[in-house]
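Observations on the model geometry
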Amino acid sequence: MWLEIDNASIAYSGNAVVHDVSLVLQQGQIGCLLGPSGCGKTTLLRAIAGFERLTAGRIAIGGRHVSGEGCFVPPEQRRVGMVFQDLALFPHLTIADNIGFGLRGLDADERHKRIARLMAMIGLEGREACYPHQLSGGQQQRVAVARAMAPRPDLLLLDEPFSSMDADLREKLAREVRDILREDGVTALLVTHDQFEAFAMADEIGVMHHGRLAQWDNGYNLYHEPADRFVADFIGQGAMIRGSVVDAHSADTVLGRIHGDAPAGCQPGCIVDVLVRPDDIVHDDASSHQAVILEKAFRGAEYLYTLGLENHEQVLCMVQSHHDHNVGERIGIRVEIDHLVMFPAQREAT
Amino acid sequence: MAEAAALLWREGRLRAVGAWTVDGLGAQPPGLPPGAAVGAVDAAALAALDTAGALWLLRLSEQAGGVAIEGLAGARQELLERVRESRARMAPARPVRDEEGILPTTGRQVVARLERAHAFLAFIGETTVVAARLVRRPGRMPWREVLGLIHSAGVAALPIVGLLAFLIGVVIAYQGGQQLKLYGANIFIVELVALTTLRELGPLIAAIIVAGRTGSAWTAQIGTMQVREEVDALRTLGISPVERLVLPRLLALLIALPLLTVFADLLGVFGGMLIAWLVLGVSLSDFIARFPEVVYPSAFLVGVGKAPFFAAIIALVGCFEGFRVSGGAESVGRHTTLSVVQAIFLVIVADALFSVLFSWLNL
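The model shown is predicted, which means the values in this text are computed figures rather than measured ones.

**A closer look at the overall build of chain B**
Each helix and strand counted, chain B has 12 helices and five strands in total. The C-alpha radius of gyration of chain B comes to 38 Å, more than 25% above the 21 Å expected for a compact globule of 363 residues. By residue count, 42% of the 363 residues in chain B fall in the buried class. Element-wise, carbon and sulfur atoms account for 66% of the exposed surface of chain B, whose accessible area totals about 19,200 Å². Of the side-chain charges in chain B, 30 are positive and 28 negative, and the distance between the mean point of each set is 6 Å.

So, in structure tokens, the structure goes:
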């Protein structure tokens, strides 16, 4: 276990910003803290770097206890690298000097070799003498990653590193950075509010909400087996429809009986909300279940339809775009849910 | 539902009709017709009247220039009079003040200042510890940067320091000379100019100009780095910001300010010398001949000896305020101002303390 956080809490003058968070990251893994703004993810990251103190709990990096229980290692002695939101490259230093900044204590030859290797890794050979402002945003981004990696930190932290990039550049850059980290076997923790960035980079993703870690899992499980309503809502698209539990493997809804493993704690007969993802609804003209198209959104290869059911509940449905239906039309639908996700019913839930 | 209140305007008379009650008046009670000359308000045809209606009638009659309200009788007239009386007695509502009293404000201010002083002391302590560590490994000091800082803080300040010191010397000699002339003691201008410049004005002028020029610039530099998270970046690269940012500046100013003080001394005395010659008729050779007789080396050393202390104050305050920047550009501006004010304030306080100390020591 490379990074270990046990029951960490951070509070400013009595207001809890991070509450009782525990997580573990293995060596060489890339983790991600995902959540809406103000959920405490950046504060937690800064606590790992040593810029914030814990009010409770402890943090260990590479088996070394760095925060909590009366122990506090300052950032300059933590051996963590950090890539900042606005990159924070040193504007008056060349790219090579930026990358080599943290390489004191190495002799000139080794230092030069390390810089050359990192420059090659980020694909900027020959640009050593440039200044940061002469590079594009994506190139600066990679320089910032290389600078943080140069002293071979035990842990690399990335604070919303792609937030200033164009949306379509973001995912590509996230994958490039992931490959660079993989190549060097770096253990890293990323903070973002963009789930696609998280899916593109991370092995393990923690969804944070109101300072708590709602779920720590891989992307597939977050989407298909969300631990609570917030995660279900935050990750991907979907709608909730009312249902009642029949037995441990099925539930009755307006779309018929849905099969799949019901989570523990749901007694037969109790009222639940069933999570229906757009890919769970299949367009099938032969089906006995009909739905009215309320809205449609063109997504290129697909249409995302918002469908109204008999009891005025709504679901989303992804249909190939050559099945072009008009708003108000009735279409036949069928449910194909592999992962039945349900939560005890809330009043006024839709 | 009560009939709605309304105002009809005919031939200078306003007729109030309908129910002048809370319900009848509703959220938007009828107002005066714009531009109408109102002679009187006729309230004879009212369907109903309550306290709210009476109050509104009174307001309207006031707005119309204090016209009479006519046509009311009996209980209604009585109600109107009651409301009129109560209104006159009613003091205008005092605006609610949510400011806290003087004691909590004072307390908070005191605590904030103590906290600041504590943080500054801690900063001086940290700088001392890091400096002691660096003395053992001088190779870690970025010497080229120190040279650059000496240039920007010292060499580049020579013209302005020289000019101001010269002018101050001129002013002192001129003002003092006018008094000395009365007694025919012109030759004493040498003591006056030399001692004030060497002991006090030279070091003070140099320190104040450097605080305004360099201390503020360093606050802005470090503050901007703080805003751009470059200070945090330094720390995660394993480099102490105190070692990398504060010590070079402190060292540079410890070297530059005493030299600037010597320069200010020279130019100040030169200015005085010119005035002594032109206004008081003390020839340059007389001035120079008398100079070593009356000015002891201790006067010069006392002045220059204060300069490193002033340099430390300016560099430490400048860097400290830079590190206290948090948030955005506006915080940089605020701390830059604070840095100049505090540095000059502390320099003058230190100078006063030195005066007391030197008089005890008979220097």
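**Some remarks on the domain arrangement of chain A**
All names here are of chain A. Each assigned domain of chain A is listed with its residue range as follows: domain 1 (3-231) and domain 2 (238-344). Averaged C-alpha coordinates put domain 1 and domain 2 at centres separated by 38 Å. Counting residues at the interface gives nine residues for domain 1 and 10 residues for domain 2. In total, about 780 Å² of surface goes out of reach between domain 1 and domain 2, with carbon and sulfur atoms giving 49% of it. Per-residue buried area on domain 1 facing domain 2 is highest for Tyr 223, His 224 and Arg 229; these three make up 69% of the total on that side. If you look at where domain 1 meets domain 2, you find one salt bridge. One salt bridge in this structure joins Asp 273 and Arg 229, with 2.8 Å as the shortest N-O distance.

**Observations regarding the layout of surface pockets**
Which parts of space are left empty comes out when a probe the size of a water molecule is rolled across the atoms. Roughly 810 Å³ of internal volume is contained in the largest pocket. Leu93(A), Phe101(A), Pro142(B), Glu145(B) and Arg244(B) are the residues nearest the centre of the largest pocket, which is lined by 27 residues in total. Residue assignment for the lining of the largest pocket shows that the elements contributing at least two residues are α2 (95-100) of chain A together with α5 (143-153), α7 (189-227), α8 (230-236) and α9 (241-278) of chain B. For the lining of the largest pocket, the residue count by class is 12 nonpolar, five polar and 10 charged. The volume enclosed by the second largest pocket comes to roughly 600 Å³. Forming the walls of the second largest pocket are 21 residues, and the residues nearest its centre are Phe51(A), Glu126(B), Gln226(B), Arg235(B) and Phe323(B). Counting residues per element, the ones that place at least two in the lining of the second largest pocket are α4 (102-136), α8, α9 and α11 (297-323) of chain B. Of the residues belonging to the lining of the second largest pocket, the class tally is 10 nonpolar, three polar and eight charged.

**Concerning the environment of Arg53(A)**
All names here are of chain A. Here Arg 53 lies in the loop between α1 (41-49) and β4 (56-61). Taking the C-alpha atoms as reference points, Arg 53 and Phe 72, separated by 19 residues in sequence, lie 7.8 Å from one another. Excluding anything up to four places from it in sequence, Arg 53 contacts Ile 10 and Phe 72.

**Section: a nonpolar patch on the surface**
Together, Val356(B), Leu357(B), Trp360(B), Leu361(B) and Leu363(B) line one region of the surface with nonpolar side chains, adding up to about 540 Å² of accessible area. Of note, Val356(B) is situated in helix α12 (residues 329-360).

**Comments concerning the interface of chain A and chain B**
Bring the parts together and some accessible area is lost; that lost area is often taken as the interface size. Listed as interface residues are 20 residues of chain A and, on the opposing side, 17 residues of chain B. Together chain A and chain B conceal approximately 1,700 Å² of surface at their shared face, both sides included; 57% is due to carbon and sulfur atoms. When the buried surface of chain A facing chain B is broken down by residue, Glu76(A), Phe101(A) and Arg104(A) rank first, second and third, together holding 37% of it. In this structure, the connection of chain A to chain B is made through four salt bridges. Arg46(A) is the salt-bridge partner of Glu229(B), the closest N and O atoms lying 3.8 Å from each other. Where chain A packs against chain B, one counts four residue pairs in polar contact (both at pLDDT 80 or more). Residue classes in the side of chain A that touches chain B are distributed as 12 nonpolar, two polar and six charged.

**What to know about the sheet that holds strand β3 (residues 30-34) of chain A**
All names here are of chain A. Reading across the sheet, the six strands line up as β7-β8-β9-β3-β10-β11 and stay open at both edges, with mixed pairing between neighbours. Of all strands in the sheet, those bounded by a partner on one side alone are β7 (80-83) and β11 (212-217). Going from strand to strand, the sheet's axes swing by 20° on average, the running direction of each strand aside. Sheet analysis places β7 next to strand β8 (residues 155-159), joined by four bridges and oriented parallel. Across the sheet, residue Met 82 finds its bridge partner in β8, namely Leu 157.

**Some thoughts on the environment of Tyr305(A)**
Residues and elements named next belong to chain A. Following the sequence through the fold, Tyr 305 ends up in strand β18 (residues 302-308). Separated by 14 residues in sequence, Tyr 305 and Val 319 have C-alpha atoms that sit 7.5 Å apart. Aside from chain neighbours lying at most four places away, what touches Tyr 305 is Ile 293, Glu 295, Lys 296, Val 315, Leu 316, Cys 317, Val 319, His 323, Asp 324 and His 325. Of the polar contacts made by the side chain of Tyr 305, one reaches the backbone nitrogen of His 325; its length is 3.0 Å.

**Some remarks on the pairing of β8(A)**
All names here are of chain A. With five of its five residues buried, β8 lies for the most part within the structure. Here β8 shows no split at all, with Leu 155, Leu 157 and Asp 159 on one side and Leu 156 and Leu 158 on the other all buried. Taken together, the four bridges between β8 and strand β9 (residues 188-192) define a ladder with parallel strand orientation. Paired with Asp 159 across the strands is Val 191, a residue of β9. Crossover handedness for the path β8 to helix α5 (residues 167-184) to β9: right-handed.

**Quick look at the pattern of salt bridges**
Within this structure, the stated rule accounts for 34 salt bridges over all chains. Notably, a salt bridge pairs Glu243(B) with Arg140(B), separated by 3.2 Å at the nearest N-O pair. Residue Glu243(B) is found in helix α9, and its partner Arg140(B) is found in the loop between α4 and α5; the two are separated by 103 residues along the sequence. For Arg140(B), a relative accessible area of 30% translates into the label partly exposed. One salt bridge connects Arg228(B) with Glu230(B), and the closest N-O pair in it is separated by 2.5 Å. Residue classification places Arg228(B) among the partly exposed positions, given a relative accessible area of 36%. Classification of Glu230(B) by relative accessible area gives buried; the value is 2%. Shared partners join several salt bridges into a network, and the residues in it are Arg46(A), Glu52(A), Glu229(B) and Asp232(B).

**Brief notes about the side chain of His224(A)**
Residues and elements named next belong to chain A. Its location among the elements puts His 224 in helix α7 (residues 219-224). Classification of His 224 by relative accessible area gives buried; the value is 16%. Once residues lying within four places of it in the same chain are set aside, the contact partners of His 224 are Asp 279, His 339 and Val 341.

**A word on the packing of aromatic side chains**
All names here are of chain B. Here the structure, examined in full by the defined rule, presents 13 aromatic pairs over all chains. Residues Phe 123 and Phe 323 carry aromatic rings whose centres are separated by 6.0 Å and whose planes lie at 55° to one another, so their mutual orientation is tilted. Separated by 200 residues along the polypeptide, Phe 123 in helix α4 and Phe 323 in helix α11 bring together distant segments of the chain. Accessibility expressed as a relative area gives 6% for Phe 123, which makes it buried. The class of Phe 323 is buried, set by a relative accessible area of 18%.

About the criteria used
Residues numbered from 1 in each chain as written. Chains lettered and ligands numbered in written order. Predicted model: local features only at pLDDT ≥ 70, side-chain atom pairs only at ≥ 80, totals over all residues. Heavy atoms only, no water. Helix = DSSP H or I, 4+ residues; strand = E, 2+ residues; numbered from the N terminus. Rg over C-alpha atoms; globule rule 2.2 N^0.38 Å. Buried < 20%, exposed > 50% of the residue type's maximum accessible area, 1.4 Å probe, protein only. Areas by Shrake-Rupley, 256 points an atom, 1.4 Å probe, with all protein chains shown as cover. Lys, Arg positive; Asp, Glu negative; His and termini not counted. Charge placed at Lys NZ, Arg CZ, Asp CG, Glu CD. Domains from an automatic or database assignment. Contact = heavy atoms within 4.5 Å. Buried area = accessible area lost by both parts, 1.4 Å probe. Salt bridge = Lys/Arg side-chain N within 4 Å of Asp/Glu carboxyl O. 1 Å grid on protein atoms, 1.4 Å probe; cavity = no way out; pocket = protein on both sides within 12 Å on 5 of 7 lines; lining within 4 Å. Points joined across faces, edges and corners; volume = space filled by probe spheres on them. Nonpolar A, V, L, I, M, F, W, Y, C, P; charged D, E, K, R; others polar. Patch = residues over 30% accessible without salt bridge, like charges linked within 9 Å, V, L, I, M, F, W, Y side chains within 5 Å. Polar contact = N/O pair within 3.5 Å; in protein donor to acceptor, adjacent residues only side chain to side chain. Pairing = 2+ DSSP bridges. Axes fitted to C-alpha atoms, helices over the stretch in contact; angles between N-to-C directions. Right-handed = clockwise from strand over helix to strand, strands pointing away. Phe/Tyr/Trp six-rings, centres within 6.5 Å; stacked < 30°, edge-to-face > 60°.

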